[in-house]
Amino acid sequence: MTSEVVLVDEISYPSKITTTKPLSLLGHGITDMEIHFLQVKFYSIGVYLDPEVVGHLQQWKGKAAKELEEKDDFFDALISAPVEKAIRLVVIKEIKGAQYGVQIETAVRDRLAADDKYEDEEEEALEKVVEFFQSKYFKKHSVITYHFPANSLTAEIVVSLEGKEDSKFVVENANVVETIKKWYLGGSAAVSPSTISSLASTLSEELSK
C-alpha cells in the first residue's frame, strides 16, 4: 500500500491530485541557498504529471537515473510532452509577493533574452505576472500552483493563502509559459537540482517497467 502523502522537507504533498484527470507526484525537492554558511530553504516543490508522460519518453527506456539527470534533452522532451502538468510550491521561508515576482521576472526574462525571444509581447505578459504577485504576502505554508493543461500554450497560476479565497491568473504568452516550465523542469538550468534529481529517479524507474 503506497502512502497517500509524501513528505517534502516536512511539508505534506498528496501523492495524487486531480485536475481534469489524476496527476501523480513524480518529482519533488526544495530551493535553497547557502547564506553565511547556513542553508536557507525557500520553498518545497512538487511536480505532478499525467502518468501517460512515460509513453512520450520511451527513447530513454533503460537509462539509469544519474544518466537521465545529466541529459537536458530528456527534460526538454518532458517539458514538451503533450500531457497535463502541475507544479506546486509550498513556501518555507516567508516572502513578499513582490520579491517572488522579481525572481520569476528575472529568471524568465534572462532565459528568453538568451534565446532571443524577449519581445514586447513577452515583456507585457511578464509584467502582468509580476503584478499578480505584487500585493500578496506569502507566509510559511502558502501555496503557489502552476497548472499547465495538455496541448495548451497557457498556464494557470493559483495562489492559496491562509484564510483567503484562492486567487488565479492565466498566462497566455506561449514563450513565457514555456520558460516558466523550464525554470522548474529544465534539467541543468532548473532552479532546484534536488527536484531534477528526484524526477530523473522516478522516471527512470517508470521507464524500466
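Below: a short report on this structure.

Calculation criteria
- Residues numbered from 1 in each chain as written.
- Predicted model: local features only at pLDDT ≥ 70, side-chain atom pairs only at ≥ 80, totals over all residues.
- Heavy atoms only, no water.
- Pairing = 2+ DSSP bridges.
- Helix = DSSP H or I, 4+ residues; strand = E, 2+ residues; numbered from the N terminus.
- Axes fitted to C-alpha atoms, helices over the stretch in contact; angles between N-to-C directions.
- Contact = heavy atoms within 4.5 Å.
- Core = buried A, V, L, I, M, F, W, Y, C linked by side-chain atoms within 4.5 Å.
- Buried < 20%, exposed > 50% of the residue type's maximum accessible area, 1.4 Å probe, protein only.
- Parallel < 35°, antiparallel > 145°, perpendicular 65-115°, else oblique.

Some words on the sheet that holds strand β5 (residues 38–49)
- Pairing is antiparallel in the open sheet, where 7 strands are placed in the order β3-β4-β5-β6-β9-β10-β11. Two strands in the sheet have a free side with no partner beyond their single neighbour: β3 (16–18) and β11 (167–171). The average undirected angle you get between the axes of adjacent strands in this sheet is 25°.
- Set on the sheet, helix α3 (residues 97–114) makes contact with β5, β6 (85–91) and β9 (143–148); between it and β9 the angle comes to about 35°.

Some details on the nonpolar core
- Residues V53, Y100, F133, Y146 and Y184 are the most contacted members of the largest nonpolar core, which totals 53 residues.
- With 6 residues, helix α5 (residues 174–185) is the largest single contributor of residues to this core.
- Setting aside residues no more than four positions away along its own chain, V53 makes contact with L26, L78, A81, V83 and L203.

Regarding the packing of α3 against α5
- Across the interface, α3 lies against α5 with an axial gap of 9 Å and an inter-helix angle of 105°. Looking at the two axes, α3 sits roughly perpendicular to α5. Contacts from Y100, Q103, I104, A107, V108, R111 and L112 in α3 reach N175, V176, T179, I180, W183 and Y184 in α5.

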